[in-house]
Amino acid sequence: MPEEALSAAAAGGTTVSGNTFQGPTAVQSGDHNVQNNYFTLALPDPVELGAQGLGHVVLDQWRQEAALRGLLGPDPIPVRWRATSDAELADHAERTGRPGEASAADLTSFADAFAHPQRRRLVVLGGPGSGKSSFAVLLVIALLQRMDVGDPVPVLLPLASWRPAEEHLTGWLERQLLREYPYLERGTVRELLARNRVLPVLDGLDELPAAERPNALRALNTALAAGIALILTCRTEDFRTAVHSASVLRGAAVVEADPLTAEQAAQYLLSSATPQQQERWRPLADALHSAPSCPAAEVLKVPLMLWLCRTAYAHTRPDERPEELADQLRFRTTAAVEHHLLDSLVPSVYPADPLPPPQPGRRTSREAPWEGRRTDQQRVSHWLGFLARHLERRGTPDLAWWELGTAVRLGPRLAVTGLVCALGVGLLVGLVDGVRAALAYSGPEPGLWPRLVFGILVAAVDALINAVPAAVAFALAHGIGFAFKGGALEPSRVRIRLGRGARRPGARSGTEILARAGLGITGGLAGGLGIGLLQGIVRKLLSGDPYALRVGLVDAVVYGCMFAVVGGPVAAAMAWCEAPESIEEAPDPGELLLRNRKAVLLQWLLFGAGVAVAGWPAVELLDGYLWGIRLAWTIPDGLRFGLLTAFGAGLGTALSLTAWGQWTVFARLWLPLTGRLPRTAMAFLDDAHRRGVLRKAGAVYQFRHNRLQQHFARPAVRLPRGKKSSRR
């Protein structure tokens with residue numbers, strides 16, 4: 001090949017190896033001056049394209065989130081991170097290397113450590129409010145900014161929903177990536193995980209149930225054996241307990257946050273202020289220097305409180321000055337300083353400013369309904385205060401969604417449950433019977449108007465006849481269930497097991513299934529008798545029919561027989577399907593709510609279908625007559641009664657006797673109507689978790705710090721009409 005051709009090839013980015021040419025154009029001069037042109041199309045690696053695209057989306061996501069949290073300012077809080085001095089928490093030094101130390105303002109040393117192929121594992125420890133999650137966010141941004149071809153994509157994921165005993169780490173990562181970044185295809189995600197092109201940054205081992213944390217460490221060690229890079233955050237004491245039950249995270253360096261000093265806090269407050277505002281902060285900084293053990297200094301050593309101080313006094317009235325925190329006559333204790341600063345938490349994490357538009361490639365606003373919304377800070381404070389006072393009354397830090405109804409006293413709770421059930425049953429029965437009567441109308445006056453009037457009258461009467469008994473029956477049923485349980489109804493966990501997978505660990509025994517069938521028969525008999533008798537009484541009061549009570553007694557017997565015949569098999573079938581698990585080991589709150597709803601709807605469907613066909617055997621068993629009342633059961637009767645039972649009695653049972661039903665009645669209807677919770681309560685709780693106000697602990701939420709719960713539990717102050725709420 002002539003020298004000129006080599007120069008041309010080099011200039012065009014073409015590489016030459018023998019007779020193989022790769023590049024935009026390759027030119028070879030052959031024998032007899034014949035020129036051969038080769039054109040090769042080099043397709044990019046789809047996995048590399050997927051990794052680079054995911055990296056751009058994740059970087060945009062956490063840059064925006066860091067800006068909202070105030071982490072990208074020119075002067076971050078100077079929390080220093082260094083290798084732990086506790087040898088029990090880390091693997092051998094020769095396996096982990098020295099991660100070095102760094103400030104939150106410069107994470108270069110930790111980002112550099114991940115350039116080494118054998119040092120891509122890190123555990124970040126610290127106490128409550130020490131800045132672990134902020135460290136993880138900033139480290140993800142630093143890694144993404146220096147990401148090169150072939151590097152794994154750091155993806156920050158909350159660990160609270162993982163259950164290592166149920167789901168492999170890779171399967172959970174796949175599910176979370178598809179949920180957070182729905183533009184990704186499943187095949188692309190699997191390829192990225194298979195080629196170790198994802199660096200999981202798992203935030204919050206301490207948010208798993210305590211019994212699951214050792215299992216998680218074992219599962220992570222198994223995954224690490226396959227060469228997966230990893231970053232994990234956890235509270236120090238929770239990690240120590242888990243390590244004692246399992247083992248350290250093999251090959252992972254462990255770093256902890258150094259406590260801030262009063263001098264560092266003072267320097268931060270001065271350096272983060274603009275030149276025009278520094279003199280405003282200087283009296284407080286001088287007070288911290290001169291009295292490093294005063295209540296204000298002790299509180300401002302916690303990064304969370306230091307951030308709140310800086311945020312709270314950034315835009316205040318001229319008469320509100322930062323040095324008031326050092327006034328020991330006004331703030332005699334650390335608790336007094338904390339409460340004063342925590343007053344600014346809601347304005348700080350729920351800013352009133354417009355939020356940026358939704359990011360492309362991430363969940364839509366329908367899937368994450370609180371994202372992108374401007375929030376009313378006064379209402380948010382009110383909602384959080386209601387939740388905190390509810391927990392204080394119960395004497396627990398665990399905010400369980402199925403217990404929110406107990407925030408209402410038993411008497412009003414029975415009334416609300418009965419009212420909602422009555423409305424549901426009355427509207428359904430009235431609608432079905434009204435339409436049926438209007439279609440079957442054959443009165444003396446023809447025309448549409450008489451037909452409509454007749455249908456409306458029948459609908460109103462039948463709705464009242466059924467609504468009143470439903471209100472009494474389901475209110476009493478809820479009260480009896482609450483008394484029998486001794487507390488709120490807990491959610492059930494149901495799995496459908498068919499074929500060879502029918503017998504799984506934890507399945508009910510034959511004795512338990514028979515016992516459940518007995519309860520179903522007893523409950524169905526009692527419910528049917530009660531509803532029939534109440535209907536007879538109401539019919540007698542409304543119409544004065546002399547046969548109304550006798551008809552009610554007949555209905556009671558028929559309903560009791562049908563409900564008992566159906567209730568037993570349905571209860572046995574549900575017991576056979578159940579795989580009982582501890583609530584503490586359940587998945588995250590939203591997932592548990594979804595599973596409980598599916599279980600309730602399954603019971604609802606089975607019971608309604610059973611009642612639709614059980615009437616005919618019951619009528620035949622009674623030989624068509626009872627106490628002089630003729631009994632008939634046709635196919636339309638069966639369909640009507642099955643429909644009304646499934647969507648009427650089934651609805652009432654679901655609302656009064658299941659955890660999902662009580663959540664619907666109170667968390668979705670009553671508490672929002674009375675202003676104590678937002679309409680989308682679960683979305684609000686999930687958003688509060690994302691903003692750092694709440695944390696997840698298995699299937700329950702908790703306030704991020706105990707002092708947050710105590711702060712919001714303070715009695716709400718009623719303000720004069722026309723004035724805006726202010727915690728200051």
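Here's a quick rundown of the structure. In this numbering scheme, every chain counts its residues from 1 along its sequence in written order. Side-chain atom pairs in this predicted model are given and counted only at pLDDT of 80 or more, local residue features only at pLDDT of at least 70, and totals for whole chains, interfaces and linings cover all residues. Calculation of side-chain values draws on the structure's entire complement of heavy atoms; hydrogens and water are dropped beforehand.

As for the side chain of Gln702
Phase 1: Positionally, Gln702 belongs in strand E15 (residues 700-703).
Phase 2: The exposure class assigned to Gln702 is buried, which follows from its relative accessible area of 14%.
Phase 3: In this description, contact between two residues means that some pair of their heavy atoms is separated by no more than 4.5 Å. When sequence neighbours within four positions are dropped, the list of residues in contact with Gln702 reads Pro397, Asp398, Val693, Leu694, Arg695 and Ala697. Think of it this way: any DSSP run of H or I at least four residues long counts as a helix, any run of E at least two long counts as a strand, and we number them from the N terminus. For every residue, the accessible area (1.4 Å probe, protein chains only) is compared with the maximum for its type, and the residue is labelled buried under 20%, exposed over 50%, or partly exposed between those bounds.

Looking at the environment of Trp604
Phase 1: Its place among the elements puts Trp604 in helix H21 (residues 589-621).
Phase 2: C-alpha separation for the pair Trp604 and Ala654, spaced 50 residues apart in sequence, amounts to 7.5 Å.

Overview of the pattern of salt bridges
Phase 1: The term salt bridge refers to a pairing of a side-chain nitrogen on Lys or Arg with a carboxyl oxygen on Asp or Glu at a separation within 4 Å. For the structure on display, the rule yields 25 salt bridges.
Phase 2: The residue Arg82 makes a salt bridge to Asp258 at a minimum N-O spacing of 2.4 Å. Taken together, the residues Arg82 in strand E5 (residues 80-83) and Asp258 in the loop between strand E11 (253-257) and helix H10 (262-271) connect sequence positions 176 residues apart.
Phase 3: The salt bridge partner of Arg186 is Glu174, with a shortest N-O separation of 2.7 Å. Remark: Glu174 occurs in helix H6 (residues 169-180) and Arg186 occurs in helix H7 (residues 186-194); sequence separation between them is twelve residues.

Some thoughts on a nonpolar patch on the surface
Phase 1: Note that patches include only residues with greater than 30% relative accessible area and no salt bridge, and the join distances are 9 Å for like charges and 5 Å for nonpolar side chains (Val, Leu, Ile, Met, Phe, Trp, Tyr). The Shrake-Rupley method, run with a 1.4 Å probe sphere, supplies the accessible areas, and residue values consider only the shown protein chains as cover. On the surface, a nonpolar cluster with roughly 660 Å² of combined accessible area is contributed by Leu448, Trp449, Leu452, Val453, Ile456 and Leu457.
Phase 2: Along the chain, Leu452 turns up in helix H18 (residues 448-485).

Thoughts on the pairing of E11
Phase 1: Extensive coverage of E11 is indicated by the burial of four of its five residues.
Phase 2: Whether two strands pair comes down to DSSP finding at least two bridges between them. Inspection of the sheet shows E5 paired to E11 by three bridges, in the antiparallel sense. Bridge assignment links Arg82 to a residue of E11, and that residue is Glu256.
Phase 3: Relative to E11, strand E7 (residues 121-126) is paired through four bridges, and the arrangement is parallel. Residue Val124 lies in a different strand from E11, and its bridge partner there is Val255.

Some details on the packing of H10 against helix H13 (residues 303-312)
Phase 1: It is the contact of H10 with H13, at a shortest axis distance of 11 Å, that shows an interaxial angle of 30 degrees. In terms of their interaxial angle, H10 and H13 are classed as roughly parallel. Of the two elements, H10 crosses H13, and the hand of that crossing is right-handed. Residues Ala265, Tyr268 and Leu269 of H10 form the contact with H13, whose participating residues are Leu306, Cys309 and Arg310.
Phase 2: Three residue categories are used. Nonpolar comprises Ala, Val, Leu, Ile, Met, Phe, Trp, Tyr, Cys and Pro, charged comprises Asp, Glu, Lys and Arg, and polar comprises the others, including Gly. Here the residues of the contact of H10 with H13 sort into five nonpolar, no polar and one charged. Where helices are involved, their axes are fitted lines through C-alpha atoms of the stretch in contact, as for all axes, and angles between N-to-C directions lie from 0 to 180°. An angle counts as roughly parallel when it lies under 35 degrees, as roughly antiparallel when it exceeds 145, as roughly perpendicular when it falls between 65 and 115, and as oblique in every other case. Helix crossings are classified by the rotation of the near helix relative to the far one: an anticlockwise turn of less than a right angle makes the crossing left-handed, while a clockwise turn makes it right-handed.

Topic: the environment of Pro128
Phase 1: Topologically, Pro128 is positioned in the loop between E7 and helix H5 (132-145).
Phase 2: Judged by its relative accessible area of 44%, Pro128 is partly exposed.
Phase 3: Between the alpha carbons of Pro128 and Pro303 there is a distance of 9.6 Å; along the sequence they are 175 residues apart.
Phase 4: Those residues in contact with Pro128 that sit more than four places away from it in its chain are Arg235, Val302, His705 and Arg707.

Some remarks on the packing of aromatic side chains
Phase 1: Here the aromatic set is Phe, Tyr and Trp, taking the six-membered ring for Trp, and pairing holds for ring centres within 6.5 Å; pairs whose planes are under 30 degrees apart are stacked, those over 60 apart are edge-to-face, and all others are tilted. According to the stated counting rule, one finds seven aromatic pairs in the structure shown.
Phase 2: Ring geometry for Trp401 against Trp402: centres 5.4 Å apart, planes inclined by 90 degrees, an arrangement best described as edge-to-face.
Phase 3: Where Trp401 meets Trp663, the ring centres are 6.0 Å apart and the plane angle is 80 degrees; that geometry is what we call edge-to-face. Of this pair, Trp401 sits in the loop between helix H16 (377-394) and helix H17 (410-439) while Trp663 is found in helix H23 (residues 659-673), placing the two residues 262 residues apart along the sequence.
Phase 4: The class for Trp401 is buried, based on a relative accessible area of 3%.

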